[in-house]
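# Coordinates in review
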Amino acid sequence: MKLTGSEIVIKCLKKENVDVLFAYPGGVNLPIFDVLYDEKAIEVILCRHEQGGTHMAEGYARATGKVGVVLVTSGPGATNTVTAIADAAMDSTPMVILTGQVPTYAMGNDAFQEADVVGITRPCTKYNILVKDVRDLAQAMKEAFYIAGSGRPGPVLVDLPKDVVLAKTEFNYPENVYIRSYSPSLKGNKWQIKQAAQEIARAKKPVIYAGGGVLASGASKEVRELAEAAQIPVTNTLMGLGGFPGTHPLFLGMLGMHGTYWANMAIHNSDLIIAIGSRFDDRVTGRAADFAPSAKIIQLDIDPTSVHKVIKADVPIVGDAKTILSDLIQQVKASGNGVAGKRQPWMKQIEDWKKEHPLSYDQGDKIIKPQYVIDKIYELTQGDAIISTDVGQHQMWAAQYYKFDKPRTFLSSGGLGTMGFGFPAAIGAQAAFPDRQVVCIAGDGGIVMNIQEMATAVQYGLPVITVVINNKYLGMVRQWQQLFYKGRYSSSFIGGPPDFVKLAEAFGAVGLRALEVSEVEPVLKEALSLKKPVLVDVHVDEEENCYPMVPAGAAIHEMVFSDADSNKQAAKSGGKKTTGVLTA
Amino acid sequence: MQHIISVLVENKFGVLSRISGLFSGRGFNIESLSVGPTLDPDVSVMTIVTIGDDQIVEQITKQLNKLVDVIKVIDLTEKEYVERETALIKINTLKEDRAEALRIADIFRARIIDSSPNTYTIEITGDVKKVEAIINLLQPLGIKNLIRTGRIAIPREEVKSAVSRETSERRAVSG
Ligand SMILES: Cc1ncc(C[n+]2csc(CCOP(=O)(O)OP(=O)(O)O)c2C)c(N)n1
Ligand SMILES: [Mg+2]
């Protein structure tokens, strides 16, 4: 029996076990929506803006590990997804974006709502495909899901002209795909793995530096096994949080620009860094020339371009982290390494660093400190929530103060740093796990970038709790202006509108507010008990800064810990502009 | 350092744009780029001349390999290879210069492929040094128009093993 292209698209989604589709209709994808009208197996979540919908798909993908799927119309519908696609590409999030396109015969003629979406998204997708013939459709869909989810995951866009989704053909879903020009290698080189085991045996001051690749590979268990077997402390990148238990005695916290002092010191002084699924981003390395000067580097990554890109690796191993680690652990165990005593001076040293500069803040009895809010969220959710964040100071505080014990419980925009990510990502995660506690920690700036999705949360009864850390500023920008631009707060004050409580209520959600310390706990408790979409507006200390911090252009051990410190540092450099590569 | 990189790609819509976009997006240099079909109509070969230190060229080859439509990347600079480029050079010729133009063409074994009372069009094929040498010599006569194909290159057959693994692979690919 022949099926229409639209029917084929939906059949393919079912073959790929897609249960939730984030979507927004328009002229050219109406045939697909018409098929969805009768489809029971796929829940369609109608977003309110395609960027929001695409971040939802990201949130869904990051929380589940499955491919997130979005369906939007041509032209503006498609261009609205671009930010979120770029976000997914940077953070290796598996996603399939189905965009409507004007009919093939109209393409290239500046037809109504035509945009060269394949052209526009070429540099920010892992791959994209224009389907020109309905007979190629099933194959294209199969390839899209395969490419999105395999190797280093990423977004794949499939552009579907209207005449193609209306045309009919026999439906045959390919069981397997073989793409001769695409075959990610999984198994690491044996000899290199042996080398790595030897380096680990020799090392006196090793550190595991684990990133988002650990989550993508599902290698958390293996990372832990290696760390415990060889007694190696572990630090996570922002993207890696949750990949190693946040409460584990070997855990050092996050490293990098706003990482813990002891994580950064451990990296700086280490003699062996084992990088797993992490790419030496500039937010991690600080001044790259002075990164870990005496360390040898073992680097595990599935993407060969991540190796030697920023930092030269002594033992590069290209492949899947889980697969490589299983081999590596065996070798490490076989070589009888990991006698706990051997690493004791190193662990003691790290403990001293931790005592020297622990994470800290001064919670008085009135003005709420933002860090306190995170602490309370952690306490009240018993560390068991899925937390999404937006981008800014609150994001860093969430990363510092919430302890993520499980993989895929921390959803944050790392590589692109996309304000507006957090709230829709939380909705996507909640759609995947309706019964879990999902909390979005957002800033008062970023939350309004996709606040329209509150309507989506309300319509579908997705009980996301959004905690707005309201400091009346684009806080991270204000912090940089305070520290590096002589306190000239150019266009960073946003205090005043909107009234977040009324805003939430206008959408049919619950709005709550905390103005003083004593109100934080009761208000959060109430929010968590409601099982409805709630927005909690927490007014915090307006000029609290995020510390510790590696100033722009500094090496990661050159941290500042307070405003007083920052001022000293500024005076020392004689107000000279730093020439670092870091930018806000 | 200059590298000549040979890239086998799927002959698909948009591939050239993926490759050129990779270079522009990541700030890599392209000195020249030439594309043409292989024996297999589904496969094209690109010859890209680029400049960069070892670390950059390593990134270039890895990034090329990472593109889904790229089948194979060979940095010919690491191997023995032969290269050619063709240029078409149209020169203005005053009466008294015409003999000189022919003499230069002759020295380089270039061919005159078109002629008018005031111009010659010369075709030259050779390695890049040769092409540049003739351009230099013709310049004083007045070059009206110059078109170069960009370099193409092919690995030399290794003498020891008649069929190296790589060439057999390439054959398989090009059918
Ligand atoms: C789309 C986008 N535009 C601009 C920025 C630059 N930026 C980074 S953090 C930040 C401030 C965010 O303010 P807010 O949401 O209030 O969070 P806070 O830092 O105050 O916690 C800005 C403007 C960005 N990351 N993303
Ligand atoms: Mg703010």
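The sections below set out a description of the structure shown in this document. This one's a predicted model, so the numbers in the text were calculated from it and none came from an experiment. (Residues numbered from 1 in each chain as written. Chains lettered and ligands numbered in written order. Predicted model: local features only at pLDDT ≥ 70, side-chain atom pairs only at ≥ 80, totals over all residues. Heavy atoms only, no water.)

### Considering the coordination of the magnesium ion (ligand 2)
Residue and element names in this part refer to chain A. Counted only if it meets this: Sites may look incomplete because water is not among the atoms; the donors themselves are N, O and S atoms within 2.8 Å of the metal, or within 3.2 Å for Na, K and Ca. By the criteria applied, helices consist of DSSP H or I runs no shorter than four residues and strands consist of E runs no shorter than two, each listed in order from the N terminus. Whether a residue is buried, partly exposed or exposed follows from its accessible area with a 1.4 Å probe, protein chains only, as a fraction of its type maximum: under 20%, in between, or over 50%, in that order.
Protein coordination of the magnesium ion (ligand 2) is provided by D444 (OD), N471 (OD1) and Y473 (O), with donor distances spanning 2.0 to 2.1 Å. Counting residues between consecutive donors of the magnesium ion (ligand 2) along the chain gives the motif D-x26-N-x1-Y. With a gap of 29 residues between them, D444 in the loop between strand 17 (438–443) and helix 19 (454–459) and Y473 in the loop between strand 18 (465–470) and helix 20 (475–484) connect regions that are remote in the sequence. We classify D444 as buried; its relative accessible area is 7%.

### Description of the interface of chain A and chain B
What counts is decided by this rule: Contacts: residue pairs with any heavy atoms within 4.5 Å of one another. By convention, the term buried area covers the 1.4 Å-probe accessible surface removed from two parts as they join, with the contributions of both added. We count a salt bridge whenever a side-chain nitrogen from Lys or Arg sits within 4 Å of a carboxyl oxygen from Asp or Glu. Any pair of nitrogen or oxygen atoms within 3.5 Å is treated as a polar contact; in protein, a donor-acceptor pairing is required on top of that, and neighbouring residues in sequence qualify only through side-chain atoms on both sides. Gly falls in the polar group here, along with every residue not listed as nonpolar (Ala, Val, Leu, Ile, Met, Phe, Trp, Tyr, Cys, Pro) or charged (Asp, Glu, Lys, Arg).
In this assembly, 18 residues from chain A lie in contact with 21 residues from chain B. Here chain A packs against chain B, burying approximately 1,600 Å² in sum over the two surfaces, 47% of which is carbon and sulfur. Contact with chain B buries surface across chain A, with R122, Y127 and R180 of chain A losing the most and accounting together for 39% of the total. Counting across the interface, chain A meets chain B through three salt bridges. Taking the shortest distance from any N to any O, the salt bridge between R180 of chain A and D40 of chain B comes out at 3.9 Å. Summed over the shared surface of chain A and chain B, the result is 12 residue pairs in polar contact (both at pLDDT 80 or more). The leading source of residues in the side of chain A that touches chain B is strand 6 (residues 127–130) of chain A, at three residues. A per-class count over the side of chain A that touches chain B returns seven nonpolar, four polar and seven charged.

### Examining the sheet that holds strand 20 (residues 534–539) of chain A
All names here are of chain A. To be explicit about the condition: Being paired, for any two strands, means DSSP has found at least two bridges between them. Note on method: axes are straight lines fitted to C-alpha atoms, helices fitted across the in-contact stretch only, with angles between N-to-C directions ranging 0 to 180 degrees.
With parallel pairing, six strands are arranged side by side in an open sheet as 16-15-17-18-20-19. Every interior strand has two partners, whereas the edge strands, strand 16 (410–411) and strand 19 (510–514), have only one. When strand 18 meets strand 20, the two strands line up parallel, connected through six bridges. Directly across from V468, in strand 20, lies its bridge partner D537. Contacts from helix 16 (residues 370–380) reach strand 15 (386–389), strand 17, strand 18 and strand 20 within the one sheet, and its direction differs from that of strand 18 by about 160 degrees. Sheet strands touched by helix 17 (residues 393–401): strand 15, strand 16, strand 17 and strand 18. Its angle to strand 17, the strand with the most contacts, is close to 135 degrees.

### A look at the nonpolar core
Residue and element names in this part refer to chain A. This is how it is decided: For this analysis, a nonpolar core means a set of buried residues of the types Ala, Val, Leu, Ile, Met, Phe, Trp, Tyr and Cys, connected via side-chain atoms within 4.5 Å. In this entry, domain limits derive from an automatic or database-based domain assignment.
Counting residues in each nonpolar core, the largest one holds 77 residues, and the members touching the most others are I200 and I208. Looking at which domains feed residues into this core, each of domain 2 (190–356) and domain 3 (370–539) supplies at least three. Counting 45 residues, the second largest nonpolar core, distinct from the first, contains A78, A425, I447 and V468.

### Quick word on helix 2 (residues 54–66) of chain B
Residues and elements named next belong to chain B. So the rule is basically this: The length a helix should cover is 1.5 Å for every residue beyond the first.
For helix 2, which comprises 13 residues, the first-to-last C-alpha distance of 18 Å matches the rise-based estimate of 18 Å (1.5 Å per residue) to within 8%. Buried within helix 2 are the following residues: V57, Q59, I60, T61, K62, Q63 and L64. Next to the buried residues of helix 2 lie strand 1 (2–10), helix 1 (15–25), strand 3 (43–51) and strand 4 (70–75).

### Things to note about the packing of helix 12 (residues 261–269) of chain A against helix 15 (residues 344–356) of chain A
Residue and element names in this part refer to chain A. What counts, and what does not: Orientation is classified from the angle alone, with under 35 degrees giving roughly parallel, over 145 giving roughly antiparallel, 65 to 115 giving roughly perpendicular, and any other angle giving oblique. Crossing handedness follows the turn of the near helix against the far one: under a right angle anticlockwise gives a left-handed crossing, and clockwise gives a right-handed one.
Where helix 12 meets helix 15, the closest approach of the two axes is 8 Å, and the angle between their N-to-C directions is 140 degrees. As far as their axial angle goes, helix 15 and helix 12 are oblique. Classified by chirality, the crossing of helix 15 by helix 12 is right-handed. Contacts between helix 12 and helix 15 involve Y261, W262, M265, A266 and N269 from the former and W346, I350, W353, K354 and E356 from the latter. Considering only residue class, the contact of helix 12 with helix 15 consists of seven nonpolar, one polar and two charged.

### Structural notes on the site of ligand 1
Residues and elements named next belong to chain A. To be explicit about the condition: Nearness is defined per residue: one heavy atom within 4 Å of the molecule or strand is enough. To be clear on the numbers: accessible area is Shrake-Rupley with a 1.4 Å probe, and residue cover counts the displayed protein chains and nothing else.
Around ligand 1 sit 17 residues, and of these H394, G417, D444, G446 and G475 come closest. Take G446: an N or O atom from its main chain is 2.7 Å from an oxygen atom of ligand 1. Within the side chain of N471, a nitrogen or oxygen atom sits 2.9 Å from an oxygen atom of ligand 1. In isolation ligand 1 exposes 580 Å². Once the protein is present, 77% of that is buried. Elements with a minimum of two residues in the shell around ligand 1: helix 17 and helix 20. The residue makeup of the shell around ligand 1, split by class, is seven nonpolar, nine polar and one charged.

### A look at helix 15 of chain A
All names here are of chain A. What counts is decided by this rule: Think of the arc as the fan of directions from the helix axis to the C-beta atoms.
Taking 1.5 Å per residue as the helical rise, helix 15 with its 13 residues ought to reach 18 Å, and the 18 Å between its terminal C-alpha atoms agrees with that figure. Those residues of helix 15 that sit buried are W346, I350 and W353. Buried residues in helix 15, looked at end-on, bunch into an arc of 55 degrees, giving them a common side. Turned more than 90 degrees off the buried face of helix 15, the exposed positions are Q344, P345, K348 and K355.

### Notes on unusual backbone geometry
Residue and element names in this part refer to chain A. A cis geometry characterises the amide bond from P497 onward to P498, with omega recorded as -10 degrees. Checked against the element boundaries, P498 lands in the loop between helix 20 and helix 21 (500–506). Residue P548 is bonded to the preceding Y547 through a cis peptide linkage, with omega at -5 degrees. You can see P548 is positioned in the loop between strand 20 and helix 23 (563–572). Although it is not a glycine, N17 sits at a positive phi angle of roughly 60 degrees. Mapped onto the secondary structure, N17 falls in the loop between helix 1 (5–15) and strand 2 (20–23). Judged by its relative accessible area of 55%, N17 is exposed.

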